[in-house]
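# Examining the three-dimensional arrangement
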Amino acid sequence: MKSYILLVLFVILLCTEAAIVHGDGHKGNEGNGNNNNKDDGNHGNGNGNGKNKGDNKDKNKDKGDKKKKNGDDELDYDNLSPSASGQERAYCKGKGACYQKTLVCPSQCPERKPKKNKKQKGCHVNCGSKCEATCKWRKPKCDGYGSLCYDPRFVGGDGVVFYFHGAKDGNFAIVSEDKLQINAHFIGTRPPGRTRDFTWVQALAVMFDTHTLVIAANIVSHWDDNVDALRVRWDGEAVNIPYDGEAEWRAKGEEREVLVERTDDKNSVRVKVSGLVEIDIRVRPIGKEENRVHNYQLPDDDAFAHLETQFKFTSLSDFVEGVLGKTYQPDYVSPVKRGVPMPMMGGEDKYQTPSLFSPLCKACRFERPSGVASI
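A brief look at the structure comes next. (Residues numbered from 1 in each chain as written. Predicted model: local features only at pLDDT ≥ 70, side-chain atom pairs only at ≥ 80, totals over all residues. Heavy atoms only, no water.)

In this structure, I182, V206, L213, W249, I281, F311 and F313 are the most contacted members of the largest nonpolar core, which totals 57 residues. Beyond its immediate chain neighbours, meaning those up to four positions away, I182 contacts F172, A173, I174, V175, L204, A205, V206, I279, F311 and F313. Counting residues in each nonpolar core, the second largest holds ten residues, with A90, C98, L103 and V125 among its members. (Core = buried A, V, L, I, M, F, W, Y, C linked by side-chain atoms within 4.5 Å. Buried < 20%, exposed > 50% of the residue type's maximum accessible area, 1.4 Å probe, protein only. Contact = heavy atoms within 4.5 Å.)

What follows is the structure, given as structure tokens:
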């Protein structure tokens, strides 16, 4: 009987991955507004002209602050009751600069999740070295720690910018440790005369305990800002994130709560897995100008919708692995060459996984509990 259950789970995961990678057959964004998002063509990095601000910023970061690199303190707090004026408060627990301090949200953004969720800044509590509560838009910051954007451009936990191209239709472990693994599925194209693929991240699989949460961009022929191109699956089942009210979906695992909430009307969410990770995700296309500037030579019937993400980890072990994960190791020293337009990071052979849902790679550390199938 146990073998039969494992076989059924294996088939469900396999079918789910096929649906995610191929977009469930959708061309769900068949609008006419293909380049509604403003784009000056400088976001992509395929020709080395992409933004590289983080490479200079990292010189001023405190590399010796291991707590800051791991981000453990930043999200380590308890929610307190709001103040008399309605401003939310947080009690910091991490044993760093903010230990046992109470942070109060500013009057300009008294709530972490404002009632007009997508049109106002939210209160961002940082119990790490900054020890502050500030007003911020709840979107991925592509020059911030733990970001993964563009033609994959990373900013590591050490603040160093690097590029990892992977391969078209490949799957790679972004983070892998005992409690958590995050894999990414890459899409791409290789114009005639190129020696490598142009690639972007189309889907993420967040694996923990016995569960898998998938966030993916639909296959989009013509981009329309007014059509949602983002989809979510929880343990193989499609999830609908409401547009109204709290605009969120929750699930309770064996040990952790999972939250997916919209941070804009369409194509933008924040994902939280309690005690592990918070991820800001946005779906965007490759616009016509970006395509022209970088000579991607994309077909007219594919906008190459992909994810821009920023990760904040609650707790990572010192032995964390993955393309991004290893940059959070306490004694990690980046091998990439500084001061060049595209500092490259290798590791495709170490971090490639057999599928989006597989925890298996040469350097991966995550293991499913016994009795749970992996592919």
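The discussion continues.
Right, let's talk about the sheet that holds strand β2 (residues 89–92) for a bit. Taken together, three strands build an open sheet; the order of strands is β1-β2-β3 and the sheet is antiparallel. The open sheet has two free edges, formed respectively by β1 (77–80) and β3 (102–104), since each of these has just one partner strand. Neighbouring strand axes in the sheet, compared pairwise and without regard to direction, differ in orientation by 30° on average. Relative to β2, β1 is paired through four bridges, and the arrangement is antiparallel. Across the sheet, residue Y77 finds its bridge partner in β2, namely C92. (Pairing = 2+ DSSP bridges. Helix = DSSP H or I, 4+ residues; strand = E, 2+ residues; numbered from the N terminus. Axes fitted to C-alpha atoms, helices over the stretch in contact; angles between N-to-C directions.)

Moving on: the state of the cysteines. Chemically, a disulfide is nothing more than a covalent bond linking the sulfur atoms of two cysteines. Throughout the structure, instances matching the rule amount to six disulfides. A sulfur-sulfur separation of 2.1 Å characterises the disulfide bridge that pairs C105 with C123. Between C105 and C123 the sulfur-sulfur dihedral comes to about -85°; the bridge is accordingly left-handed. In this pair, C105 is assigned in the loop between β3 and β4 (122–126) and C123 in strand β4, connecting sequence segments 18 residues apart. As far as the burial class goes, C105 and C123 line up, both buried. Each bonded cysteine of the protein is numbered by sequence order, and under that numbering the disulfide pairs are 1-6, 2-7, 3-5, 4-8, 9-10, 11-12. (Disulfide = S-S within 2.5 Å.)

Keep in mind these values describe shape, not function.
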